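Take a look at the letters that make up each chain.
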Amino acid sequence: MFSFIKMFRLVALLEGISYILLLFIATPIKYLAHDPQYVKLLGMPHGILFIAYIALAFVFKNDFSWNNKQFAVVLLASIIPFGTFYVDRNYLKAAK
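Residues numbered from 1 in each chain as written. Predicted model: local features only at pLDDT ≥ 70, side-chain atom pairs only at ≥ 80, totals over all residues. Heavy atoms only, no water.

Q: Where do I start with unusual backbone geometry in this structure?
A: The bulk of non-glycine residues show a negative phi, and the bulk of peptide bonds are trans. Within the chain, His34 stands out as a residue other than glycine whose phi angle is a positive 55°. The class of His34 is exposed, set by a relative accessible area of 66%. For Ser65, which is not glycine, the phi torsion reads 55° and is therefore positive. You can see Ser65 is positioned in the loop between α2 (37-60) and α3 (68-76). (Buried < 20%, exposed > 50% of the residue type's maximum accessible area, 1.4 Å probe, protein only. Helix = DSSP H or I, 4+ residues; strand = E, 2+ residues; numbered from the N terminus.)

Next comes the structure, spelled out in structure tokens:
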């Protein structure tokens, strides 16, 4: 069954995967092999997922009753590699 929480978890997962691919695969290829193709390919989807993750975090802040510290962790997780996986496991999974 469709739920917005499941959608948020999916966006968090995809945002985390796209960020890891961008940082650890596409960027090194761009600078070491002088081939920006992968950054161009992954950049736009990652940007869209990043914006969706931040927007959904604002939407669900009150539903999850996050205090300011917890909300800051959720937001900062979007710019730390593997951060969205931490948020999913510790903040979103319990809210099924």
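Q: Looking at this structure, how should I read the pattern of salt bridges?
A: Note that side chains of opposite charge can pair when their charged atoms are close. Per the stated rule, a full pass over the model turns up one salt bridge. Note that Arg9 is salt-bridged to Asp88, the shortest N-O span being 2.5 Å. Placement of Arg9 in helix α1 (residues 4-32) and of Asp88 in helix α4 (residues 83-92) is noted, with a sequence separation of 79 residues between them. (Salt bridge = Lys/Arg side-chain N within 4 Å of Asp/Glu carboxyl O.)

Q: What should I look at first to understand the nonpolar core in this one?
A: Nonpolar side chains tend toward joint burial in soluble globular proteins. Residues Phe8, Tyr53, Phe64, Trp66, Val74, Val87 and Leu92 are the most contacted members of the largest nonpolar core, which totals 16 residues. Those elements that place two or more of their residues in this core are α1, α2, α3 and α4. Excluding residues within four positions of it along the chain, Leu92 makes contact with Ile5, Phe8, Arg9, Ala12, Phe64, Trp66 and Val87. (Core = buried A, V, L, I, M, F, W, Y, C linked by side-chain atoms within 4.5 Å. Contact = heavy atoms within 4.5 Å.)

Q: When you look at the packing of α2 against α3 in this model, what are you seeing that I'm missing?
A: When two helices pack together, their arrangement is given by the angle between their axes and by how far apart the axes lie. Viewed as axis vectors pointing N to C, α2 and α3 meet at an angle of 165°, and their least axial separation amounts to 10 Å. As the angle between them shows, α2 and α3 are arranged roughly antiparallel. Remark: the crossing between α2 and α3 carries right-handed chirality. Facing Tyr53, Ile54, Ala57 and Phe58 of α2, the residues of α3 in contact are Phe71, Val74 and Leu75. (Axes fitted to C-alpha atoms, helices over the stretch in contact; angles between N-to-C directions. Parallel < 35°, antiparallel > 145°, perpendicular 65-115°, else oblique. Left-handed = near helix turned anticlockwise from the far one by under 90°.)

Q: Looking at this structure, I do not really get the packing of aromatic side chains. What am I missing?
A: Two measures describe an aromatic ring pair: the distance that separates the ring centres and the angle between the ring planes. Counted under the stated rule, the structure contains ten aromatic pairs. On the numbers, 5.6 Å between centres and 45° between planes, the contact of Phe60 with Phe64 is tilted. Of the two residues examined, Phe60 and Phe64, each falls in the buried class. When the ring of Trp66 is compared with that of Tyr91, the centres are 6.3 Å apart and the planes differ by 85°; the resulting orientation is edge-to-face. Taken together, the residues Trp66 in the loop between α2 and α3 and Tyr91 in helix α4 connect sequence positions 25 residues apart. On the basis of relative accessibility, which here comes to 7%, the residue Trp66 falls in the buried class. (Phe/Tyr/Trp six-rings, centres within 6.5 Å; stacked < 30°, edge-to-face > 60°.)

Q: Would you mind showing me how to read α4 here?
A: Residues spaced three or four apart along an α-helix point in a common direction, a consequence of the helix completing one turn every 3.6 residues. Taken residue by residue, α4 has Gly83, Thr84, Val87, Asp88, Tyr91 and Leu92 as its buried positions. Taken down its axis, α4 places every buried residue within 140° of arc, on the same side. (Arc of directions from axis to C-beta.)

Q: What is the right way to look at the side chain of His46 in this model?
A: Structurally, the position occupied by His46 is in helix α2. Those residues in contact with His46 that sit more than four places away from it in its chain are Glu15, Ser18, Tyr19 and Leu22.

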